[in-house]
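Per-entry structural report
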Amino acid sequence: MAVTQANALVDRGDIRGGALTLKQAEQAGDARAAHELAIWCLEGRLVRRDLAASRALFERAAALGDATSAAILRAFIAGGVGGPADWPRALALLRQAAPRDPEAAAQLQLIEAMTLAPDGQPIGEFASERLCENPEVRTFPGLFTVAECDYLIATAVPKLQPSIVVDPHSGRQVPNPIRTSSGTGFPFIDENPAIHALNRRLAAASGTDVHAGEPLQVLSYAPGQQYHEHSDALPNVAPAQQRVLTFLIYLDEDYEGGETAFPALGLKVRGRAGDGLLFRNALDDGTPNPRSVHAGLPVTRGVKHLASRWIRAQALSLE
């Protein structure tokens, strides 16, 4: 009720009144109101963006019994959003939720099969094979387990959307002429502890800061779909914010076609489920390396699923 009243006030232009309505309801123990306030602070659309306040409000809503807020809180605590990262606490909260939450139980099962330090950092070496020097291209056999690949596919498939772009003339969203796949992403609000642990592995294998990675994406290519030749590097950006690396993980292998091709290198790569492919997109000065132009060739049979993470030169700011 309070959320409905607050939204009605906002629709009439009374943002202060809406916020006050939610705050009073939250103080009275309304979990939905606490969750809504957390979203307001997260988005920064109706009130000033405040990730610390958002995290505290998600924690309040979780304590009042809101399961969605509890899941977001675990993601924030694992990833250090709105406050310090605290892997042991994120894991403890996940264990508390697992008996009654199948999704939490699935995440916990994956994490407990990983070899991690107490702070969540992956332990072990990540064997790789260099395929090219300029640009650097490496493969990482078996970087993810089959169970981890299956989890990412199962989590992504219900959220897949056709790849789109905004038409510069009409301003409307239209099918992406370069990438004809479907996909979804896991921004920090959805970067649950299991996905965060996988992102940490990608960071460790690439020798980068986990916070320099953009949200993990999962892409799905049906027969005939492809990603035409393109560069992952960004034009006209400061070197510190350049997408210097791309890390791909092949999530399955029961398909034909779909190789990752580098035309300038005469190189085609097709990984097995769990294999990683890391390549450098930019030159030392941060400008795009034209030799890094690549393509996802058309799938000819079956469906190809691929995880992708772009890695910047320095940590991204969430503020």
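Computed from a predicted model, the values in this text were never measured in an experiment.

On to the overall build of the protein chain, then. Assigned secondary structure in the protein chain consists of nine helices and 16 strands. Radius of gyration (C-alpha) of the protein chain: 21 Å, near the 20 Å computed for a compact globule of 319 residues. When the backbone C-alpha atoms are referred to their principal axes, the protein chain occupies close to 65 × 50 × 40 Å. In the protein chain, buried positions account for 50% of the 319 residues. As displayed, the protein chain has an accessible area near 15,100 Å², and 53% of this comes from carbon and sulfur atoms.

Given two aromatic rings, their pairing is described by the distance between the two centres and the angle made by the two planes. Tallying each qualifying case throughout the model produces four aromatic pairs. When the ring of Phe262 is compared with that of Phe279, the centres are 5.1 Å apart and the planes differ by 80°; the resulting orientation is edge-to-face. Of this pair, Phe262 sits in strand β11 (residues 260–262) while Phe279 sits in strand β13 (residues 276–280), and the two are 17 residues apart along the sequence. Here Phe262 matches Phe279 in class, with each residue buried.

Empty pockets left among the atoms are what a rolling probe the size of a water molecule brings to light. As a volume, the largest pocket reaches approximately 380 Å³. The wall of the largest pocket is formed by 21 residues, among which Val81, Phe188, Glu191, His211 and Leu318 lie closest to the centre. Residues belonging to the lining of the largest pocket are distributed by class as follows: 10 nonpolar, seven polar and four charged. The computed volume of the second largest pocket comes to approximately 330 Å³. Around the second largest pocket sit 15 residues that line it, and Ala71, Glu103, Gln107, Asp190 and Asn192 are the ones nearest its centre. Looking at the lining of the second largest pocket, the elements that each hand over two or more residues are α5 (67–79) and α7 (102–112). Top element by residues in the lining of the second largest pocket is α5. It accounts for six residues. Partitioning the lining of the second largest pocket into residue classes produces six nonpolar, four polar and five charged.

With that settled, the discussion passes to the pairing of strand β1 (residues 129–132). Looking at chain direction, β1 and strand β2 (residues 137–140) are connected through three bridges and run antiparallel. From the neighbouring strand, Arg130 faces β2, where its bridge partner is Arg138. Between β1 and the antiparallel strand that follows it, β2, lie four residues.

Let's shift gears to the sheet that holds strand β9 (residues 243–250). The eight strands are arranged β1-β2-β13-β9-β16-β7-β6-β3 in an open sheet whose pairing can be described as antiparallel. Of all strands in the sheet, those bounded by a partner on one side alone are β1 and β3 (161–162). One ladder, built from five bridges, connects strand β7 (residues 216–221) with strand β16 (residues 304–312); its direction is antiparallel. Bridge pairing in β16 places Val218 opposite Ala307. Strands β2, β6 (182–186), β7, β9, β13 and β16 of the sheet are contacted by helix α9 (residues 193–206), whose axis makes an angle of about 120° with β9.

Before going further, it helps to examine the environment of Gln5. By secondary structure assignment, the location of Gln5 is in helix α1 (residues 2–11). Taking relative accessible area as the criterion, Gln5 reaches 42% and is therefore assigned partly exposed. For the pair Gln5 and Leu198, spaced 193 residues apart in sequence, the C-alpha separation works out to 41 Å.

Here the focus is helix α2 (residues 15–27). Structurally, the α-helix is built with 3.6 residues per turn, so residues lying three or four positions apart point the same way. Over its 13 residues, α2 extends 18 Å from the first C-alpha to the last, a length consistent with the 18 Å expected when each residue adds 1.5 Å. All buried positions along α2 are accounted for by Gly17, Gly18, Ala19, Thr21, Leu22, Ala25 and Glu26. Where α2 is buried, its residues meet α1, α3 (31–43) and α4 (51–63). Of the residues one or two after α2, Gly29 is the one with positive phi, at around 100°.

It is worth spelling out the sheet that holds strand β14 (residues 294–296) at this point. The antiparallel open sheet is built from four strands, whose spatial order is β8-β14-β11-β12. Single-partner strands in this sheet number two, and they are β8 (227–230) and β12 (267–269). Put simply, the sheet's adjacent strands are angled 15° from each other on average, direction ignored. Note: β11 against β12, three bridges, orientation antiparallel. In the strand pairing of β12, Ala261 is matched with Lys268.

Quick look at the pattern of salt bridges now. Evaluation of the coordinates by the stated rule reveals 16 salt bridges. A salt bridge links Glu43 to Arg45; its shortest N-O distance comes to 3.6 Å. Accessibility expressed as a relative area gives 45% for Glu43, which makes it partly exposed. A salt bridge links Arg301 to Asp254, with the shortest nitrogen-to-oxygen separation between them at 3.4 Å. In this pair, Arg301 sits in strand β15 (residues 299–302) while Asp254 sits in the loop between β9 and β10 (255–257), placing the two residues 47 residues apart along the sequence. Judged by relative accessible area, Arg301 falls into the partly exposed class, the value being 38%.

The rules behind the values
Residues numbered from 1 in each chain as written. Predicted model: local features only at pLDDT ≥ 70, side-chain atom pairs only at ≥ 80, totals over all residues. Heavy atoms only, no water. Helix = DSSP H or I, 4+ residues; strand = E, 2+ residues; numbered from the N terminus. Rg over C-alpha atoms; globule rule 2.2 N^0.38 Å. Buried < 20%, exposed > 50% of the residue type's maximum accessible area, 1.4 Å probe, protein only. Areas by Shrake-Rupley, 256 points an atom, 1.4 Å probe, with all protein chains shown as cover. Phe/Tyr/Trp six-rings, centres within 6.5 Å; stacked < 30°, edge-to-face > 60°. 1 Å grid on protein atoms, 1.4 Å probe; cavity = no way out; pocket = protein on both sides within 12 Å on 5 of 7 lines; lining within 4 Å. Points joined across faces, edges and corners; volume = space filled by probe spheres on them. Nonpolar A, V, L, I, M, F, W, Y, C, P; charged D, E, K, R; others polar. Pairing = 2+ DSSP bridges. Contact = heavy atoms within 4.5 Å. Axes fitted to C-alpha atoms, helices over the stretch in contact; angles between N-to-C directions. Expected span 1.5 Å × (residues − 1). Salt bridge = Lys/Arg side-chain N within 4 Å of Asp/Glu carboxyl O.

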